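Reading the structure
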Amino acid sequence: MVQVDALFADIWEIPAMEAVFRERFVAGYPARKSIQTAFAHEGLRFQLDAVAHRRTAG
């Protein structure tokens, strides 16, 4: 993962995302930004948009 955009209904939920990042990314965190927003779908609390890069043989 090289870049992550995290959208929150409640920005105070960032610590939960940070806990997952500490658990999943051991070789450094991807570049990221966190935004609070109102979602069009009622009940939606979080959305993640990510860009991943895979090295190819060669």
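Scoring rules and cut-offs
Sequence positions are assigned chain by chain, starting from 1 and proceeding in written order. Only residues with pLDDT of at least 70 get local features here, since the model is predicted, and only at 80 or more are side-chain atom pairs given and counted; chain-wide, interface and lining totals rely on the full set of residues. No hydrogens and no water enter the side-chain calculation; it runs on all heavy atoms of the structure. Helix numbers and strand numbers start at the N terminus; a helix is a DSSP run of H or I with at least 4 residues, a strand a run of E with at least 2. For the radius of gyration, the atoms used are the C-alpha atoms, and the globule rule reads 2.2 Å times the number of residues raised to 0.38. For every residue, the accessible area (1.4 Å probe, protein chains only) is compared with the maximum for its type, and the residue is labelled buried under 20%, exposed over 50%, or partly exposed between those bounds. Residue contacts are defined here by distance: any two heavy atoms, one from each residue, within 4.5 Å place the two residues in contact. Shrake-Rupley sampling with a 1.4 Å probe provides the accessible areas, and residues are treated as covered by the protein chains on show and by no other component. Two strands are counted as paired when DSSP detects at least two bridges linking them. Lines fitted to C-alpha atoms define the axes here, with helix axes fitted over just the stretch in contact, and angles between the N-to-C directions of these axes take values from 0 to 180 degrees. What we call a nonpolar core is a set of buried Ala, Val, Leu, Ile, Met, Phe, Trp, Tyr and Cys residues that are connected through their side-chain atoms within 4.5 Å.

Re the overall build of the protein
Counting secondary structure elements, the protein contains one helix and three strands. Scanning the protein from its N terminus toward the C terminus, one meets helices and strands in the order β-α-β-β. Its C-alpha atoms give the protein a radius of gyration of 13 Å, clearly above 10 Å, the size a compact globule of 58 residues would have. Looking at the protein as a whole, 16% of its 58 residues qualify as buried. For the protein, long-range pairs separated by at least 24 residues make up 79% of all intrachain contacts whose partners lie at least 6 apart in sequence. With the model as given, the accessible surface of the protein reaches about 4800 Å², and the carbon-plus-sulfur share is 54%.

Some details on the sheet that holds strand S1 (residues 3-8)
Taken in spatial order, the three strands make up an open sheet running S2-S1-S3, and their pairing is mixed. Of all the strands in the sheet, the pair left with one neighbour each is strand S2 (31-36) and strand S3 (46-51). The mean inter-strand angle of the sheet, taken between neighbouring strand axes irrespective of direction, is 10 degrees.

What about the nonpolar core?
Soluble globular proteins tend to pack their nonpolar side chains together in the buried interior. One finds Val-4, Ala-6, Phe-8, Met-17 and Phe-21 forming the largest nonpolar core, which totals five residues. Listing elements by their share of this core, those giving two or more residues are S1 and helix H1 (14-24). At three residues, S1 tops the list of elements feeding residues into this core. The residues touching Met-17, leaving out its near neighbours within four places in the chain, are Ala-6, Phe-8, Ser-34 and Phe-46.

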